[in-house]
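Here is how the chains run, residue by residue.
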Amino acid sequence: MNSFSSMKNKLSAIGIYNIENGSNIYNELKAYSVELDRIFSELDTMLREYFIETAQSYGITLREKFLGREKTEYSLEKRREMLKIQQQMMGGECTPKSFEKFLKGCGLTNVQVSESFARQRIAVNISDELSLAAKKEIEEKVNAEVPAQILVTFNYSE
């Protein structure tokens, strides 16, 4: 039911308004309903974009920009998946498995992490095909997450 029908039904039930086609009140309700329908449509869009699971446009784009950059090279489903992983990782565990999950949230699919706790080193083995810019972005994200005293080495085998 659109807003015009809703307002007309509610006001007709009161019994004091004569809402006939062409009357002043009819025209006024029509004018209100045009803008109300637009507002309701915009609110529905905002509600959809608020949640990662249902977002289809700016809900995904704005979250990606907040986390670094928009990732239009991936499908919408992959972008959603990466955002959900990144959101889950905030304040998470510091284990190789959780670090692999973090890297998958950055868009990697074939990655392994091994650590040498005693030597304070982490080796990140990446088998994805990546451009130089993508490699640099991954390395910057990893270095931002890892404490400064830990040495991280990246091995790319495409």
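Keep in mind that what you see is a predicted model, and the values were worked out from it rather than measured.

Procedures and definitions
Residues numbered from 1 in each chain as written. Predicted model: local features only at pLDDT ≥ 70, side-chain atom pairs only at ≥ 80, totals over all residues. Heavy atoms only, no water. Buried < 20%, exposed > 50% of the residue type's maximum accessible area, 1.4 Å probe, protein only. Pairing = 2+ DSSP bridges. Helix = DSSP H or I, 4+ residues; strand = E, 2+ residues; numbered from the N terminus. Axes fitted to C-alpha atoms, helices over the stretch in contact; angles between N-to-C directions. Contact = heavy atoms within 4.5 Å. Phe/Tyr/Trp six-rings, centres within 6.5 Å; stacked < 30°, edge-to-face > 60°. Core = buried A, V, L, I, M, F, W, Y, C linked by side-chain atoms within 4.5 Å. Salt bridge = Lys/Arg side-chain N within 4 Å of Asp/Glu carboxyl O.

Positive phi, close to 55 degrees, is recorded for Gln120, a residue that is not glycine. For Gln120, a relative accessible area of 41% corresponds to the partly exposed category.

Judged by pairing direction, the sheet is mixed, and its three strands sit side by side in the order 1-2-3 without closing on themselves. Of all the strands in the sheet, the pair left with one neighbour each is strand 1 (111-116) and strand 3 (151-156). Going from strand to strand, the sheet's axes swing by 15 degrees on average, the running direction of each strand aside. Contacts from helix 5 (residues 96-105) reach strand 1 and strand 2 (121-126) within the one sheet, and its direction differs from that of strand 1 by about 145 degrees. Each of strand 2 and strand 3 is contacted by helix 6 (residues 132-145), which is oriented at about 155 degrees to strand 3, the strand it contacts most.

Moving on: the environment of Leu151. For Leu151, the position within the fold is in strand 3. Taking the relative accessible area as the measure of exposure, Leu151 reaches 41% and is therefore partly exposed. The sequence separation of Leu151 and Asn110 amounts to 41 residues, and the corresponding C-alpha distance is 21 Å. Not counting residues up to four positions away in its chain, the partners in contact with Leu151 are Gln120, Arg121 and Ile122.

What follows deals with the packing of aromatic side chains. Under the criterion given, the structure shown has four aromatic pairs. Residues Phe4 and Tyr26 carry aromatic rings whose centres are separated by 5.1 Å and whose planes lie at 80 degrees to one another, so their mutual orientation is edge-to-face. Taken together, the residues Phe4 in helix 1 (residues 3-14) and Tyr26 in helix 2 (residues 24-50) connect sequence positions 22 residues apart. The buried category is assigned to Tyr26, whose relative accessible area is 14%. Judged by centre distance (6.5 Å) and plane angle (10 degrees), the ring pair of Phe154 and Tyr156 falls under stacked. Tyr156 gets classed as partly exposed once you look at its relative accessible area, which sits at 25%.

Glancing now at the nonpolar core. As a rule of thumb, nonpolar side chains are buried together in soluble globular proteins. Ranked by internal contacts, the top residues of the largest apolar core, which has 17 residues, are Phe99, Leu103, Val124, Ile126 and Val142. Counting residues per element, the ones that place at least two in this core are helix 5, strand 1, strand 2, helix 6 and strand 3. If sequence neighbours within four positions are ignored, Val124 has contacts with Phe99, Leu103, Val111, Gln112, Val152, Thr153, Phe154 and Asn155. Within the second largest apolar cluster, seven residues are counted, among which are Phe4, Met7, Ile19 and Tyr26.

We now examine the pattern of salt bridges. According to the stated counting rule, one finds seven salt bridges in the structure shown. In this structure, Lys84 engages Glu53 in a salt bridge whose closest nitrogen and oxygen atoms are separated by 2.7 Å. One end of the pair, Lys84, is in helix 4 (residues 76-89); the other, Glu53, is in the loop between helix 2 and helix 3 (58-67), and 31 residues separate them in sequence. Ionic pairing is found between Glu64 and Arg79, a salt bridge with its closest N-O pair at 2.7 Å. Linking Glu64 in helix 3 with Arg79 in helix 4, this pair joins segments that are 15 residues apart in sequence. Neither Glu64 nor Arg79 differs from the other in exposure class; each is buried.

So, about the pairing of strand 1. The sheet contact formed by strand 1 and strand 2 spans six bridges and is antiparallel. Residue Ser114 lies in a different strand from strand 2, and its bridge partner there is Ala123. Remark: four residues form the turn of the hairpin made by strand 1 and strand 2, two consecutive strands paired antiparallel; Gln120 in that turn has positive phi of roughly 55 degrees.

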